[in-house]
Amino acid sequence: MTEATYKDHLGRPIVAVTGMGIITSLGQGLKDNWAALTSGTSGIHGITRFPTDGLSTRIAGTVDFIDIPVPNAVERSYAFARETTIEALADAGIPGDFNGPLFLAAPPIEPEWSARFDLADRSPPSDHPGDAYERFLAAMRQRTDAAFHEAALFGAISERLADRFGTRGLPVTLSTACASGATAIQLGIEAIRQGRTDRALAVATDGSLSAEALIRFSLLSALSTQNDPPTKASKPFSKDRDGFVIAEGAATLVLESLEAAVARGAKVLGIMKGAGEKADSFHRTRSSPDGGPAIATIRAALADAGIDESGIGYINAHGTSTPENDKMEYGSMLAVFGERMASIPLSSNKSMIGHTLTAAGAVEAVFSLQTMLTGTLPPTINYNNPDPSIVLDVVPNKKREQQVSAVLSNSFGFGGQNASLVMALEPA
């Protein structure tokens, strides 16, 4: 093969995916997740992690089958990331130290209520009782608490992953809301394209589901309150959708330059052809109703991939099941794809696994690659009452056997963070 074989349309190294690992509410590992996803199984269930009496939302896609030493968001998120990275590296055939950079998408870290209440209970009395910060510091000086300390460190998860898997350089931790997972992948792509490394580890994890997180999203009127049955609550693009279902999960992708992957005899699972991102300054949580930033994001990803609208055969939608976001995403895709939009098959994995927040972009990238590898389009379940203002082929309720060679995956997040990825099968 010539050197040009390994370059894209802009003369940059082609980036391949050589390993994948995943955990969602459907289970652990790509095999079990894919079997459940394509059969239309839902992982949404009643919450047992904390009491939900009096709450309007009592369901979620929690991951409760991974053992953790301390019940907090850091330990859960680390455990999910560790397990998906073990799977991805085994899939890629990379033993020992990874010897490449780590890009981690992780949820915003803060101690959970239970930990803060415990700290308050053992805080010494003060002449100035309103100065809680000083009292907390005094309590921590009296008795050190390594678990509490680590639960307050935003970079703790990436540092532990770097030590465990032998990544190179300073690990990067990022949090760009629902776009985080796609952003981590984009950073890995750029590191390889710029010639800074032959391989990169992109990891996205979110084990942050707590009572506080649930209440905060409920106060934003963002969550579904259709608690019974839980499996029917997430219904993207349906007329009776009323909000997203909060969930947990993680995914890891091993990215390599195609040239390096071929040289070491690795199997190539797919190609990361393009990535686009744009910021939306319309509102702290809402997306711009006209979809302008989302439209620009999709177009940027297509341009980066060197293909036009006709090259996309399937879309993995953001598809949150919130009334406003689904409408905005549809309008954005319609603006880009025009009349073709009604005939491009599209799925929302969130109908089955819920919204994995920080992890969503990477989780859905894994499912997008698996869609191409298997020739199976996963369904959008609970699609029984179509929204007449959103005309889409959502692969309703049952999987479809159809080979596609290029996929667009959208991640449009709270706070105006938008990212889209274009993936393709291995080039000839």
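Because the structure is predicted, anything quoted here is derived from the model rather than measured.

Chemist: Can you lay out the packing of aromatic side chains for me, pointing to particular residues and giving the numbers?
Modeler: Throughout the structure, instances matching the rule amount to two aromatic pairs. Here the aromatic rings of Trp34 and Phe367 are separated by 6.2 Å at their centres, their planes lie at 35°, and the arrangement is tilted. Here Trp34, found in helix α1 (residues 30–38), pairs with Phe367, found in helix α13 (residues 360–374); they are 333 residues apart in sequence, far enough to count as distant. Note on accessibility: Trp34 and Phe367 belong to one class, buried. With a centroid separation of 5.4 Å and an interplanar angle of 80°, the aromatic rings of Phe217 and Phe244 are classed as edge-to-face.

Chemist: Describe the side chain of Ser158, listing the residues and the values that go with them.
Modeler: With respect to the helices and strands, Ser158 occurs in helix α6 (residues 156–165). You can call Ser158 buried: its relative accessible area is 2%. One polar contact links the side chain of Ser158 to the main-chain carbonyl oxygen of Gly155, over a distance of 3.1 Å. Apart from residues no more than four positions distant in its own chain, Ser158 is found in contact with Leu102, Leu104, Pro171 and Thr173.

Chemist: Account for the nonpolar core, with residues named and values stated.
Modeler: A general tendency of soluble globular proteins is for nonpolar side chains to be buried together. Val17, Ile185, Leu253, Leu255, Met272 and Leu421 are the most contacted members of the largest nonpolar core, which totals 47 residues. When residues in this core are grouped by element, the largest group, seven residues, is from α13. Apart from residues lying up to four places away in sequence, Leu421 is in contact with Ala182, Ile185, Met272, Gly274, Ala275, Ala365, Val407, Leu408 and Ser409. Among the nonpolar cores identified, the runner-up in size contains 26 residues, and Ile298, Ala305, Tyr330 and Met333 belong to it.

Chemist: Got a sec to walk through the pattern of salt bridges? Specific residues and values, please.
Modeler: Evaluation of the coordinates by the stated rule reveals 16 salt bridges. Between Glu248 and Arg49 there is a salt bridge, with the nearest N and O atoms lying 2.7 Å from each other. One end of the pair, Glu248, is in the loop between α8 (211–219) and β8 (249–257); the other, Arg49, is in the loop between β3 (45–46) and β4 (59–60), with 199 residues separating them in the sequence. Glu248 sits in the buried class, given a relative accessible area of 0%. One salt bridge in this structure joins Asp326 and Arg241, with 3.4 Å as the shortest N-O distance. Here Asp326 is found in helix α11 (residues 323–337), whereas its partner Arg241 is found in the loop between α8 and β8, with 85 residues between them in sequence. In terms of burial, Asp326 and Arg241 fall into one category: buried.

Chemist: Provide a residue-level description of the domain arrangement of the chain, including the pertinent values.
Modeler: Partitioning the chain into domains gives domain 1 (15–109 + 153–424) and domain 2 (113–151). Look at where the C-alpha atoms of domain 1 and domain 2 centre, and you get two points 36 Å apart. Summed over both partners, the interface of domain 1 with domain 2 comes to about 700 Å²; 57% of that surface belongs to carbon and sulfur atoms. Area buried by domain 1 at its contact with domain 2 is led by Asn72, Leu153 and Glu212, which between them contribute 54% of it. Taken together, the links from domain 1 to domain 2 amount to zero salt bridges.

Chemist: Got a sec to walk through unusual backbone geometry? Specific residues and values, please.
Modeler: In this structure, Pro229 follows Asp228 across a cis peptide bond, with omega equal to -5°. When you line up the elements, Pro229 lands in the loop between α8 and β8. Of note, the phi angle at Ser221 is positive, near 55°, even though the residue is not glycine. Locating Ser221 in the fold gives a position in the loop between α8 and β8. The exposure class of Ser221 is exposed, given its relative accessible area of 64%.

The rules behind each value
Residues numbered from 1 in each chain as written. Predicted model: local features only at pLDDT ≥ 70, side-chain atom pairs only at ≥ 80, totals over all residues. Heavy atoms only, no water. Phe/Tyr/Trp six-rings, centres within 6.5 Å; stacked < 30°, edge-to-face > 60°. Helix = DSSP H or I, 4+ residues; strand = E, 2+ residues; numbered from the N terminus. Buried < 20%, exposed > 50% of the residue type's maximum accessible area, 1.4 Å probe, protein only. Polar contact = N/O pair within 3.5 Å; in protein donor to acceptor, adjacent residues only side chain to side chain. Contact = heavy atoms within 4.5 Å. Core = buried A, V, L, I, M, F, W, Y, C linked by side-chain atoms within 4.5 Å. Salt bridge = Lys/Arg side-chain N within 4 Å of Asp/Glu carboxyl O. Domains from an automatic or database assignment. Buried area = accessible area lost by both parts, 1.4 Å probe.

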